[in-house]
Amino acid sequence: MSMTKSSIKSVLINPIVARDINESHRASTPLELFYDLIYVVAIASLAAEMHHAISNWHHVTHAVWMYFFLFFCIWWPWNTYTWFASGYDTNDAQFRAASFVQMIGAIIIAVGVKPAFLDDNFLTMMIGYVTMRIPYILMWFKVAYDDEKSRPVAMRYAIGVLIIQIAWSLSILYFNNWYLTIALVLFEMLIPYIAERSTDKGKNTKYHFDHIEERLGLMTIIVLGESILAAVYAFENVMEYFSVNSIMLAIGAILILFSMWWLYFDDANMGDKLANDKKIFIWSYGHYFIFGFATAVGALISVNVDVLANNAKIDQDLAVIGLAIAIIGYLISVWLCHDLLLEKKGIQRYELLILAIFVVGIAIFSNSVLLIGIAFVTLNIIRLIRQHIQVKRQQAV
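The next subject is a nonpolar patch on the surface. There is a patch of nonpolar side chains on the surface, built from Ile134, Leu138, Phe141, Met155, Ile159, Ile163, Phe187, Leu190, Tyr193 and Ile194 and spanning about 850 Å² of accessible area. Going through the elements one at a time, α4 (123-146), α5 (151-173) and α6 (178-196) are the ones with two or more residues in the nonpolar patch. Here the element with the most residues in the nonpolar patch is α6; it accounts for four residues. Note on placement: Ile134 falls in helix α4. Look at Ile134 and you get partly exposed, because its relative accessible area is 48%.

This brings us to empty space enclosed by the protein. Taken as a whole and assessed by the stated rule, the structure comprises two cavities of 30 Å³ or more. When its volume is computed, the largest cavity comes out at roughly 100 Å³. Elements with a minimum of two residues in the lining of the largest cavity: α2 (60-88), α4, α5 and α6. Within the lining of the largest cavity, the residues separate by chemical class into eight nonpolar, two polar and two charged. Each pocket or cavity is described by its volume, and for the second largest cavity that value is around 40 Å³. Lining the second largest cavity we find Tyr39, Ile43, Phe71, Trp75, Trp78, Met219 and Phe291. Elements that contribute at least two residues to the lining of the second largest cavity include exactly α1 (30-55) and α2. Element by element, the count of residues in the lining of the second largest cavity is highest for α2, at three residues. The class makeup of the residues in the lining of the second largest cavity is seven nonpolar, no polar and no charged.

Along its 23 residues, α5 runs 33 Å from first to last C-alpha, staying within 8% of the 33 Å computed at 1.5 Å per residue. Among the residues of α5, those classed as buried are Val153, Ala154, Tyr157, Ala158, Gly160, Val161, Ile164, Gln165, Trp168, Ser169 and Ser171.

Glancing now at unusual backbone geometry. A positive phi angle, near 60°, is found at Asn310, a position not held by glycine. Within the fold, Asn310 resides in the loop between α10 (279-308) and α11 (316-340). One non-glycine residue, Glu343, lies in the positive phi region at around 55°. By the element assignment, Glu343 lies in the loop between α11 and α12 (351-365). The class of Glu343 is partly exposed, set by a relative accessible area of 41%.

Two aromatic rings are characterised by how far apart their centres lie and by the angle between their planes. Inspection of the entire model under this criterion finds 34 aromatic pairs. Between the aromatic rings of Phe84 and Tyr88, the centroid separation amounts to 5.4 Å while the plane-to-plane angle is 40°, which identifies the pairing as tilted. Of this pair, Phe84 and Tyr88 both sit in helix α2, four residues apart, roughly one helical turn. For the pair formed by Phe84 and Tyr88, the shared burial category is buried. Through a chain of ring-to-ring contacts, the aromatic side chains of Tyr67, Phe68, Phe71, Phe72, Trp75, Trp76, Tyr193, Phe281, Tyr285, Tyr288, Phe289 and Phe293 assemble into a single cluster.

Here α2 crosses α6 at 35°, and the two axes come no closer than 12 Å. Along this stretch, α2 crosses α6, giving a crossing that reads as left-handed. Only Trp178, Thr181, Ile182, Val185, Glu188, Met189 and Pro192 of α6 make contact with α2, whose side of the interface consists of Trp65, Met66, Phe69, Phe72 and Trp76. Taken together, the residues that form the contact of α2 with α6 break down as 10 nonpolar, one polar and one charged.

We now examine the pattern of salt bridges. Following the criterion strictly, the structure yields nine salt bridges and no others. Notably, a salt bridge pairs Arg133 with Glu188, separated by 2.6 Å at the nearest N-O pair. Of this pair, Arg133 sits in helix α4 while Glu188 sits in helix α6, placing them 55 residues apart in sequence. Overall, Arg133 belongs to the buried group, its relative accessible area being 6%. Between Lys142 and Asp146 there is a salt bridge, and its shortest N-O distance comes to 2.5 Å. With Lys142 and Asp146 both in helix α4 and four residues apart, the pair spans about one turn of that helix. In this structure, a network of salt bridges that share partners links the residues Asp266, Asp339, Lys344, Glu351, Arg383 and Arg386.

When the pLDDT values of the chain are averaged, the result is 88; 93% of them are 70 or greater. Mean pLDDT across the elements of the chain ranges from a minimum in helix α9 (residues 270-274), with 64, to a maximum in α12, with 95.

The rules behind these values
- Residues numbered from 1 in each chain as written.
- Predicted model: local features only at pLDDT ≥ 70, side-chain atom pairs only at ≥ 80, totals over all residues.
- Heavy atoms only, no water.
- Patch = residues over 30% accessible without salt bridge, like charges linked within 9 Å, V, L, I, M, F, W, Y side chains within 5 Å.
- Areas by Shrake-Rupley, 256 points an atom, 1.4 Å probe, with all protein chains shown as cover.
- Salt bridge = Lys/Arg side-chain N within 4 Å of Asp/Glu carboxyl O.
- Helix = DSSP H or I, 4+ residues; strand = E, 2+ residues; numbered from the N terminus.
- Buried < 20%, exposed > 50% of the residue type's maximum accessible area, 1.4 Å probe, protein only.
- 1 Å grid on protein atoms, 1.4 Å probe; cavity = no way out; pocket = protein on both sides within 12 Å on 5 of 7 lines; lining within 4 Å.
- Points joined across faces, edges and corners; volume = space filled by probe spheres on them.
- Nonpolar A, V, L, I, M, F, W, Y, C, P; charged D, E, K, R; others polar.
- Expected span 1.5 Å × (residues − 1).
- Phe/Tyr/Trp six-rings, centres within 6.5 Å; stacked < 30°, edge-to-face > 60°.
- Axes fitted to C-alpha atoms, helices over the stretch in contact; angles between N-to-C directions.
- Left-handed = near helix turned anticlockwise from the far one by under 90°.
- Contact = heavy atoms within 4.5 Å.
- pLDDT = per-residue confidence, 0-100.

And the structure:
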């Protein structure tokens with residue numbers, strides 16, 4: 001098949017214009033997967049700090065607040081990069097170089113997690129954000145230059161991110177207080193909404209929602225993979241401090257994590273069902289809570305292991321309740337992003353909430369991680385049987 005000169009892309013620099021949203025078999029690129037690995041390090045560092053703070057019962061309220069704030073600081077640049085790449089990835093030298101610089105910024109952010117968590121010192125993270133956002137802003141300006149249809153939206157993104165980064169830098173250097181921090185976080189999350197609110201039909205950014213769904217799913221696997229390390233820690237504890245309780249914790253932990261994966265990926269083609277709908281913002285932002293609580297589950301599993309090994313200052317009742325709270329947060333987040341947005345009917349719409357209630361009861365009255373795992377598996381079996389029956393009925397028609 002012959003190719004015209006205009007259809008041949010440069011390996012160096014191409015115009016950054018919107019990609020075809022109907023592009024078939026759109027998958028995550030090796031660059032995106034490489035980009036994700038940087039965030040594995042940052043998330044692992046944050047989870048470790050959370051684990052140690054709760055296990056040692058050291059300023060727990062502050063630790064929980066810092067965990068969710070710092071998780072936002074880690075998740076947000078990943079989220080913005082993911083959506084930009086879905087709409088404008090040119091796979092040339094300019095895009096790769098811009099991505100590499102953003103990855104350097106993400107590495108600096110990962111380095112800054114510990115001083116921020118322990119000492120409220122955000123200077124290193126601020127340097128990481130500035131490093132990361134310079135190419136991000138420049139890429140939006142280039143979109144505005146290259147793509148006339150996307151120009152208004154791209155300019156709103158570029159100017160909005162530039163203003164908020166200046167505000168963050170001034171806040172950290174001169175006016176650091178939590179009220180201002182909360183206001184800046186809210187403004188951060190409003191930028192995409194404001195940028196995409198175009199009154200000119202067809203001039204908002206076009207995203208490949210199947211690609212976005214895959215990217216969100218891959219990050220879910222990454223954070224669950226971080227939590228699998230906690231399950232490994234639990235089985236190591238079985239080998240070192242062999243007891244019935246350690247065996248029950250290890251089995252319960254693995255049942256919970258496997259079931260968390262199953263519940264999330266039980267719903268397919270979410271992007272197709274939510275595309276061109278205001279619900280897409282809830283779906284995207286709701287994944288912050290899915291990722292955050294999934295990672296917290298792993299940290300709390302590790303805390304429970306510490307309790308059984310007599311290496312913790314927290315008692316077992318509180319450790320199990322803490323794990324239950326993280327699990328409930330995950331269940332409600334998945335319910336919000338899946339069951340509620342998909343408008344499931346009947347009991348199917350409330351299954352995850354019912355499971356959350358069972359988790360509360362088990363944590364309070366039996367204090368058993370294994371029973372929580374069994375409750376997860378029971379719901380998955382019920383769903384699997386129902387799906388099997390539905391397929392059989394469809395085949396019979």
